[in-house]
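Here is what each chain is made of, one letter per residue.
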Amino acid sequence: MQLQKVADYLDTYNGRDKVMRILYYSAQYLAGITKSKELEHKLNIFSDQINCCRTVLRLFDDIPMLTYTLSYGLGRKEPDNVVQMCNVAVNTLDQLYYPLEHIAWAADCKLLSLKSDSWWTATSICWALSMYLMMIKQTIKDISHIEANELLTAARCFVDCVHAIHWLPSGILWAGKLKQWHIGFLGIISSMISLYQS
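Residues numbered from 1 in each chain as written. Predicted model: local features only at pLDDT ≥ 70, side-chain atom pairs only at ≥ 80, totals over all residues. Heavy atoms only, no water.

Notes on the overall build of the protein chain
Put simply, the rule reads: Here a helix means four or more residues in a row that DSSP labels H or I, a strand means two or more in a row labelled E, and each is numbered from the N terminus. As a reference, a globule follows 2.2 Å times the number of residues to the power 0.38, and the radius of gyration itself is taken over C-alpha atoms. Between buried and exposed lies partly exposed: a residue is buried under 20% and exposed over 50% of the maximum accessible area for its type, with that area taken using a 1.4 Å probe on protein chains only. Residue contacts are counted whenever heavy atoms from the two residues lie within 4.5 Å of one another.
For the protein chain, the helix and strand inventory stands at eight helices and zero strands. When its helices and strands are written in sequence order, the protein chain yields α-α-α-α-α-α-α-α. A compact globule built from 198 residues would reach a C-alpha radius of gyration of about 16 Å, and the protein chain, at 18 Å, matches this within 12%. Each principal axis of the C-alpha atoms in the protein chain carries an extent, and together these give about 55 × 50 × 35 Å. Expressed as a percentage of its 198 residues, the buried residues of the protein chain come to 39%. Excluding contacts between residues fewer than 6 apart, the proportion of contacts in the protein chain whose partners are at least 24 apart in sequence is 59%.

See the structure below:
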């Protein structure tokens, strides 16, 4: 019965992505703390391959995201104006993220004659701002009325925001200051929260 549940979960795109995300960040964490250079090298190869797989799979996320963005529209049904504005902004940032990442990926693969650095920076900006706005949205309610799931979402967004800022250009807050095991640890926490919520 449990095996069937795992199989059913892995048979979905979101299920596989969440498991791959945990594997990627676990490998990053272990590579950051191991004393063996050989093991570190192997873990980095493994994490790079998993990350590349996730990036390629996200090539197909534009249309589902566009469908969601269009169905939400300007969020006129939202009772709270701040929540409405946050959702519209998050949807816009998430919608921009995918084509920017596709261009960065294509540049890395030499499919486009571009330098990928600025495109990856743009994706990191979209990611960081999206997580920041999601965190605000989840915590604007009176604390006594926030549900456990909303607190978990806010915590996950906070962890992802800390992580995303690391990839911004040097000089912005703690950009570039995190060590590999920090990135892995933050990613594991975020991934486990996301897995628990699903």
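Description of the pattern of salt bridges
We count it as follows: Between Lys or Arg on one side and Asp or Glu on the other, a salt bridge is scored when a side-chain nitrogen of the former is within 4 Å of a carboxyl oxygen of the latter.
One pass over the structure, following the stated rule, counts six salt bridges. Glu-38 serves as the salt-bridge partner of Lys-42, at 3.3 Å between the closest nitrogen and oxygen. Of the two residues, Lys-42 and Glu-38 are both situated in helix H3 (residues 37-57); the distance of four residues between them amounts to about one turn of the helix.

Concerning helix H4 (residues 62-72)
Quick reminder of the rule: By arc we mean the arc of the directions from the helix axis to the C-beta atoms, nothing more.
For H4, the set of buried residues is Asp-62, Met-65, Thr-69 and Tyr-72. Relative to the axis of H4, the buried residues are bounded by an arc of 100° and lie together on one face. Those residues of H4 that are exposed and angled more than 90 degrees off the buried face are Ile-63, Thr-67, Leu-70 and Ser-71. Looking at the packing, one finds that the buried side of H4 touches helix H5 (81-108). Where H4 ends, the next residue or the one after it, Gly-73, has phi of about 60°, a positive value.

Considering the domain arrangement of the protein chain
Rule in force here: Where each domain starts and ends follows an automatic or database-derived domain assignment. By the criterion applied in these results, polar contacts are pairs of N or O atoms within 3.5 Å in which, for protein atoms, one can donate a hydrogen and the other can accept it, and in which residues neighboring in sequence qualify only through two side-chain atoms.
Taken domain by domain, the protein chain consists of domain 1 (1-58), domain 2 (60-145) and domain 3 (148-197). Relative placement of domain 2 and domain 3: their C-alpha centres are 16 Å apart. Of the residues lining the interface, 13 residues belong to domain 2; the matching set on domain 3 comes to 13 residues. Inspection of the region where domain 2 meets domain 3 yields zero salt bridges. Summed over the shared surface of domain 2 and domain 3, the result is zero residue pairs in polar contact (both at pLDDT 80 or more).

Some points on the packing of aromatic side chains
Stated precisely, the cut-off is as follows: A pair of aromatic rings is counted whenever rings of Phe, Tyr or Trp (Trp by its six-membered ring) have centres within 6.5 Å, and the orientation is called stacked for planes under 30 degrees apart, edge-to-face for over 60 and tilted otherwise.
Evaluated as defined, the whole model comprises four aromatic pairs. Their ring planes at 70° and their centres at 4.7 Å tell us that Tyr-24 and Tyr-25 sit as a pair that is edge-to-face. Both rings, one in Tyr-29 and one in Trp-181, keep their centres 6.3 Å apart while their planes meet at 70°; by these two values the pair is edge-to-face. Linking Tyr-29 in helix H2 (residues 13-33) with Trp-181 in helix H8 (residues 180-197), this pair joins segments that are 152 residues apart in sequence. Judged by its relative accessible area of 25%, Tyr-29 falls in the partly exposed class. An aromatic cluster is defined as three or more aromatic residues linked by ring pairs; in this entry it consists of Tyr-29, Trp-181 and Phe-185.

Considerations on H5
What counts here: For a helix, the expected span equals 1.5 Å multiplied by the residue count minus one.
End to end, H5 covers 40 Å across 28 residues, agreeing with the expected 40 Å (1.5 Å per residue, within 8%). The residue sitting at the N-terminus of H5 and contributing the capping side-chain oxygen is Asp-80; that oxygen lies 2.8 Å from the backbone nitrogen of Val-82. At the C-terminal side of H5, Lys-110 shows a positive phi close to 65°.

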